[in-house]
Amino acid sequence: MKITLEEMCDELQKVNRVVVAGHVIPDGDAIGSALALAMILKSIGKDVRVMFDDNIPRNFMMMPTCEKIERPSEKIDVDALVIVDTAPDRIGKVLECVGDVPILNIDHHVSNSGENRKLFCDPHAAATAEIIFEIAIELGIKLTKDFAVCVYVGIATDTGFFQFSNTTAETLLIASDMLALGVKPNLVVEVLEQRPIEVVKGLGQSLNTLEVWHDGKAAGMFLDEDLVANLETTEGFIDEIRVIEGVDVSLLLKFMAKNVCRVSMRSKTVDVSKIAMQFGGGGHLRAAGCTLKMPFEDAKRTIMQAIDDALN
Ligand SMILES: [Mn+2]
């Protein structure tokens, strides 16, 4: 059931003991939104625990109170579960941990249907963290610098540091408020962009696998088993090739396990979500992914052919 922001604020005021959770493979918006919402709820006297059924990437540990995030383990007794930045299907074992309690859901993904729970969803918000900020204003919370860092990281990471098309005037106004509260944007980006030297060297090796095809309209990097063995992450690698002049579709193919390969795609005009859906994946028009269950060389041939077909 979809509810308004005001109704969500009423619901949040009614509960006493809550768990706040975000999605697995957590990103800056999921973590920042969960932590910022927990700060709001604590400041109005609630008993709050934040849970993610996954590891928190090291770079995000710079967010205040991040060290208090728990992994779900034994069953706990709470009044409600608040899920941010996703529907309940992507929070892993947190669901079992809290049991059959009412769910409040705060999100900005247009695909969130809100069945069997109270959902406030604003697809126009660039990040769930924008909505968390609105909730703080609605509840009349005194904003702190710690809160501002979490909201800022959520917004900055979901907008590619204010570069993606989801960035609105409202986004920049909220970011401006966060700076006024003491956030230093240069310090945030310095921490978030840090990579271990192995990953930077791995990017170099990955770029050596670059192939451009379809009259220069497609570009891909092909990371086989040997190459990925030393890579802690390939996050951001695809951005290095989507800037090549004339390239419409960019591809990162990555060995995951025997007969399992992961495809990430970006595009300027082609609907890459359609290509991803052919193989059971999905995403957005300009950014999508899927998993190919076949040997690496077969996966390479298959996805290059699918991109050819989409470009024709
Ligand atoms: Mn988000």
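From a predicted model like this one, the values you see are computed outputs, not experimental measurements. (Residues numbered from 1 in each chain as written. Predicted model: local features only at pLDDT ≥ 70, side-chain atom pairs only at ≥ 80, totals over all residues. Heavy atoms only, no water.)

J.: Explain the domain arrangement of the protein chain to me, and be specific about the residues and the numbers.
T.: Assigned domains within the protein chain: domain 1 (5-192) and domain 2 (197-311). Between the C-alpha centres of domain 1 and domain 2 the distance comes to 30 Å. (Domains from an automatic or database assignment.)

J.: Describe the packing of helix α5 (residues 145-158) against helix α7 (residues 185-192), and please don't skip the residues or the numbers.
T.: A pair of packed helices is characterised by two quantities: the angle between their axes and the separation of those axes. Close contact between α5 and α7 brings their axes to 11 Å; oriented N to C, the two are set at 65°. You can see that α5 and α7 cross each other, and the crossing is right-handed. Along its contact with α5, which presents Tyr152, Val153 and Thr157, the element α7 presents Pro185, Val188 and Leu192. For the contact of α5 with α7, the residue count by class is 5 nonpolar, 1 polar and no charged. (Axes fitted to C-alpha atoms, helices over the stretch in contact; angles between N-to-C directions. Helix = DSSP H or I, 4+ residues; strand = E, 2+ residues; numbered from the N terminus. Left-handed = near helix turned anticlockwise from the far one by under 90°. Contact = heavy atoms within 4.5 Å. Nonpolar A, V, L, I, M, F, W, Y, C, P; charged D, E, K, R; others polar.)

J.: Account for the sheet that holds strand β3 (residues 80-84), with residues named and values stated.
T.: Within the open sheet, the 5 strands sit side by side as β2-β1-β3-β4-β5. Their pairing is parallel. In the strand order of this sheet, the two ends are held by β2 (47-51) and β5 (118-121), each with one partner. Across the sheet, the axes of successive neighbouring strands diverge by a mean angle of 20°, strand direction being ignored. Pairing between β3 and strand β4 (residues 103-107): 4 bridges, direction parallel. When the bridges of β4 are listed, Val82 appears paired with Leu104. Strands β1 (17-21), β2, β3 and β4 of the sheet are contacted by helix α2 (residues 28-43), whose axis makes an angle of about 170° with β2. (Pairing = 2+ DSSP bridges.)

J.: Describe in detail helix α11 (residues 296-311), supporting the description with residues and values.
T.: At 3.6 residues per turn, the α-helix brings residues three or four places apart onto the same side. In a regular helix each residue adds 1.5 Å, so 16 residues correspond to 22 Å; α11 covers 23 Å between its end C-alpha atoms and thus fits that length. For α11, the complete set of buried residues consists of Phe296, Ala299, Lys300, Ile303, Met304, Ala306, Ile307, Asp308 and Leu311. Packing partners of the buried residues in α11 comprise β6 (211-213), β7 (218-223), β8 (249-257), β9 (260-267), α10 (272-278) and β11 (287-292). (Expected span 1.5 Å × (residues − 1). Buried < 20%, exposed > 50% of the residue type's maximum accessible area, 1.4 Å probe, protein only.)

J.: Outline the pairing of β1, listing residues and values.
T.: Counting buried positions along β1 yields 4 of 5 residues, so the element is predominantly enclosed. Pairing of β1 with β2 involves 5 bridges; the strand directions are parallel. Among the inter-strand pairings, Val20 is bridged to a residue of β2, identified as Val50. Note that the unit made of β1, α2 and β2 has a crossover that is right-handed. Alignment of β1 against β3, held across 4 bridges, turns out to be parallel. Each bridged residue has a counterpart across the sheet, and for Ala21 the counterpart in β3 is Ile83. (Right-handed = clockwise from strand over helix to strand, strands pointing away.)

J.: Mind laying out the packing of helix α1 (residues 5-14) against helix α4 (residues 128-138), listing which residues take part and the relevant values?
T.: Where α1 meets α4, the closest approach of the two axes is 10 Å, and the angle between their N-to-C directions is 70°. Our classification of the angle between α1 and α4 gives roughly perpendicular. Taking contact as the criterion, the partners of Leu5, Glu6, Met8, Cys9 and Leu12 in α1 are, on α4, Ile131, Glu134, Ile135 and Glu138. Of the residues contributing to the contact of α1 with α4, the split by class is 6 nonpolar, no polar and 3 charged. (Parallel < 35°, antiparallel > 145°, perpendicular 65-115°, else oblique.)

J.: Got a sec to walk through the coordination of the manganese ion? Specific residues and values, please.
T.: Coordination of the manganese ion by the protein is provided by Asp29 (OD), Asp85 (OD), His108 (NE2) and Asp158 (OD), with metal-donor distances spanning 2.1 to 2.3 Å. Positions of the donor residues of the manganese ion, expressed as sequence spacing, correspond to D-x55-D-x22-H-x49-D. Of this pair, His108 sits in the loop between β4 and β5 while Asp158 sits in helix α5, and the two are 50 residues apart along the sequence. There is no split in this pair, since His108 and Asp158 are both buried. (Donors = N, O, S within 2.8 Å, 3.2 Å for Na, K, Ca; no water.)

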